[in-house]
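So the chains spell out like this:
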Amino acid sequence: MSFAPPPMSLLAELTHRCPLACPYCSNPLALDRRAAEMETADWLRVLDEAASLGVLQVHFSGGEPMARHDLPELVRHASKLNLYTNLITSGVLINDATLEALDTAGLDHIQLSFQDVDEAGAERIGGLRGAQEKKLNAARLIKARGIPLTLNFVVHRENVARVPEMLDLAHELGAGRVEIAHTQYYGWGLKNRDLLMPSAAQLEASTEAVVKARARFGNSLAIDYVTPDYHADQPKPCMGGWGQRFVNITPSGKVLPCHAAETIPNVVFPNVATESLGAIWQDSPLFNLFRGTDWMPEPCRSCSLKEVDWGGCRCQALALTGDASATDPVCARSNQHALVMEAATAGHDGEFLYRRFGAI
Ligand code: FES
């Protein structure tokens, strides 16, 4: 087995609890209950192991990570280990006191998610009344403290027309960066795919809005733009390649190469409760399953882009073809590319299936 360089980033999913109910949530359909969550001491040990392994950044995520009262303690510990700390949050639990605790603990950056610029649209997706006001307030508090801020908008059929206003809002709130991310269809997003899927014309208009905003805002606002795979004919290098740059730890301690890996059948999911993070990263069958290029079928194996896209997304290949080792059907050279094209233009009737988790 060849040596794998250490991961750059750790995504620490502290909890699946969340006050929002977004129908595109990337968390698995079977969520970890509160009783299954790792204790503070377990996460402190995991952070130690991550730093020893060579991880540079920790993204505290969820669910809503601010539902964990030990978050400032975890941030403080990560900071002491010289890890760059990023909080990925809905912002609805941010107030003066909770933000001060995180700031004092040494938090480096906050990525704040918005469901829309339009209050009704935001509530229809997030399912939480008053959330938009709380998020706007959170953005102002973060800015006032001088904590670097990124706004994140997940866009889809219902809100994609408002991308220009989203970009304006990011600029107005003083964010240094904004991410306009078309919905990716894993977890709950896959369940609601037909209702969320933008048309080709909507995609084109949003791309144009991003190009114009980049020209208008220049260096004052960095804009990341994530396009939807389903209107593409070349796959993305999901997670920068399986087992190459990212490691994901679930609330109950499972260690995964990506947030959707639990859908892969017939594999054992390693857990930090029983093995070290370093051993899991280096030697576990799961991390070596699709690492590198040896696992690839044709036409990937002889493709000149195989070390550019690393075979695309394994979870998407599984979801669409039933085989995680198949060529990602987003690729125009896949003999199953029609599956993607059909899904991109499917009907759009029905009601959202919301992610509901109960009280946090
Ligand atoms: Fe699992 Fe893409 S989400 S490989």
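Just so it is clear, the structure is predicted and the values come from calculations on it, not from any experiment. Sequence order sets the numbering: in each chain, residues are counted from 1 along the sequence as written. Confidence filtering applies because this is a predicted model: local features only for residues at pLDDT of at least 70, side-chain atom pairs given and counted only at 80 or more, and all residues used for totals across whole chains, interfaces and linings. With hydrogens and water excluded, all non-hydrogen atoms of the structure serve as input to the side-chain values.

A. Highlighting the UniProt feature "domain: Radical SAM core" (unreviewed entry) in the chain. As annotated by UniProt and renumbered to match this structure, "domain: Radical SAM core" (unreviewed entry) occupies residues 4-219. Secondary structure counts use DSSP, requiring at least four H or I residues in a row for a helix and at least two E residues in a row for a strand, with both numbered from the N terminus. Note that residues 4-219 is 44% helix and 16% strand, and that its end C-alpha atoms are spaced 36 Å apart. UniProt positions are given in the numbering used here, feature names are shortened, and annotations may be inferred rather than shown by experiment.

B. Representation of helix α9 (residues 200-217). Expected span of a helix, by definition, is 1.5 Å for each gap between consecutive residues, and there is one gap fewer than residues. In a regular helix each residue adds 1.5 Å, so 18 residues correspond to 26 Å; α9 covers 26 Å between its end C-alpha atoms and thus fits that length. Relative accessibility decides the category of a residue: with a 1.4 Å probe and only protein chains considered, values under 20% of the type maximum give buried, values over 50% give exposed, and everything between is partly exposed. For α9, the full list of buried residues reads Leu 203, Ser 206, Ala 209, Val 210, Ala 213 and Phe 217. One side of α9 holds all its buried residues, which, seen down the axis, span an arc of 120 degrees. Exposed side chains of α9 directed beyond 90 degrees from the buried face belong to Ala 201, Glu 204, Val 211, Lys 212 and Ala 215. Trailing α9 by a residue or two, Gly 218 shows a phi angle of about 55 degrees, which is positive. For this quantity, the arc is that covered by the directions from the helix axis to the C-beta atoms.

C. Representation of the UniProt feature "binding site: [4Fe-4S] cluster" (unreviewed entry) in the chain in the model. Here, UniProt's "binding site: [4Fe-4S] cluster" (unreviewed entry) annotation points to Cys 18, Cys 22 and Cys 25. Tracing the chain through its elements places Cys 18 in the loop between β1 (9-13) and α1 (40-53). The class for Cys 18 is buried, based on a relative accessible area of 14%. Mapped onto the secondary structure, Cys 22 falls in the loop between β1 and α1. Contact definition: two residues touch when any of their heavy atoms are within 4.5 Å. Residues within four places of Cys 22 in sequence aside, it is in contact with Gln 115, Ile 125, Gly 126, Trp 188 and Arg 355.

D. How the structure looks around the side chain of Gln 316. In this fold, Gln 316 is placed in helix α13 (residues 314-321). Apart from the residues within four sequence positions on either side, Gln 316 is in contact with Tyr 186, Asp 229, Tyr 230, Asp 328 and Val 330.

E. Region of interest: the sheet that holds strand β3 (residues 84-89). Any two strands between which DSSP finds at least two bridges are classified as paired. The mixed open sheet is built from nine strands, whose spatial order is β7-β6-β5-β4-β3-β2-β1-β8-β9. Edge positions in the sheet fall to β7 (222-226) and β9 (255-256), since each has one partner strand and no second. An axis is simply a line fitted to the C-alpha atoms; with a helix, the fit covers only the stretch in contact. Between two such axes, the angle follows the N-to-C directions and lies from 0 to 180 degrees. Across the face of the sheet, α1 comes into contact with β1, β2 (57-61) and β8 (246-249) while running at roughly 170 degrees to β1. The strands touched by helix α5 (residues 131-145) are β4 (109-114) and β5 (149-155); relative to β4, the strand with the most contacts, the crossing angle is about 160 degrees.

F. Structural detail: the environment of Ala 346. Relative to the helices and strands, Ala 346 is located in the segment after α14 (337-344). Residue Ala 346 is classed as partly exposed on the basis of its relative accessible area of 23%. Taking the C-alpha atoms as reference, Ala 346 lies 38 Å from Glu 37; in sequence the two are 309 residues apart.

G. Structural view of the pattern of salt bridges. In the sections that follow, a salt bridge refers to a side-chain nitrogen of Lys or Arg positioned within 4 Å of a carboxyl oxygen of Asp or Glu. Overall, the coordinates contain 13 salt bridges when judged by the stated rule. Across the pair Arg 68 and Asp 70 runs a salt bridge, and its minimum N-O distance is 2.7 Å. By relative accessible area, Asp 70 is classed as buried at 10%. Salt-bridge contacts for Arg 145 lead to Asp 103; the nearest nitrogen and oxygen are separated by 3.0 Å. In this pair, Arg 145 is assigned in helix α5 and Asp 103 in helix α3 (residues 96-105), connecting sequence segments 42 residues apart. Connected through salt bridges with shared partners, the residues Arg 17, Glu 37, Arg 68 and Asp 70 form a single ionic network.

H. Quick look at the pairing of β8. Alignment of β1 against β8, held across four bridges, turns out to be parallel. Following the sheet pairing, Ala 12 is matched in β8 by Ile 249. Sheet topology note: the β8/β9 ladder contains two bridges and is antiparallel. When the sheet's bridge partners are listed, Asn 248 is paired in β9 with Leu 256. Counted along the chain from β8 to the antiparallel partner β9, the turn is five residues long, and its residue Gly 253 has a positive phi close to 100 degrees.

I. Examining the side chain of Asn 152 more closely. In this structure, Asn 152 sits in strand β5. We define a polar contact as two N or O atoms separated by no more than 3.5 Å, with the added condition that, inside protein, one atom must be a possible hydrogen donor and the other a possible acceptor, whereas residues neighbouring each other in sequence contribute only through side-chain atom pairs. Reaching out from Asn 152, the side chain makes a polar contact with the side chain of Glu 179 at a distance of 2.6 Å. Setting aside residues no more than four positions away along its own chain, Asn 152 makes contact with Gln 111, Leu 112, Ser 113, Phe 114, Glu 179 and Ala 181.

J. Geometry of the packing of α1 against helix α2 (residues 71-80). Between α1 and α2, whose axes approach to 10 Å, the crossing angle comes to 20 degrees. With respect to α2, the axis of α1 lies roughly parallel. For the pair α1 and α2, the crossing hand works out as right-handed. Between α1, through Thr 40, Trp 43, Leu 44, Leu 47 and Asp 48, and α2, the contact on the second element is made entirely by Glu 73, Leu 74, His 77 and Ala 78. These descriptions rest on fixed angle ranges, namely under 35 degrees for roughly parallel, over 145 for roughly antiparallel, 65 to 115 for roughly perpendicular, and the rest for oblique. By the definition used in this description, the sense in which the near helix is turned from the far one sets the handedness, with an anticlockwise turn below a right angle giving left-handed and a clockwise turn giving right-handed.

K. View of helix α4 (residues 119-126). Of all the residues in α4, the buried ones are Gly 121, Ala 122, Ile 125 and Gly 126. Within α4, the buried residues cover an arc of 115 degrees as seen down the axis, which keeps them to one side. Residues of α4 that are buried in the fold lie against α5. Positioned one or two residues after α4, Gly 127 has a phi angle of 70 degrees, which is positive.

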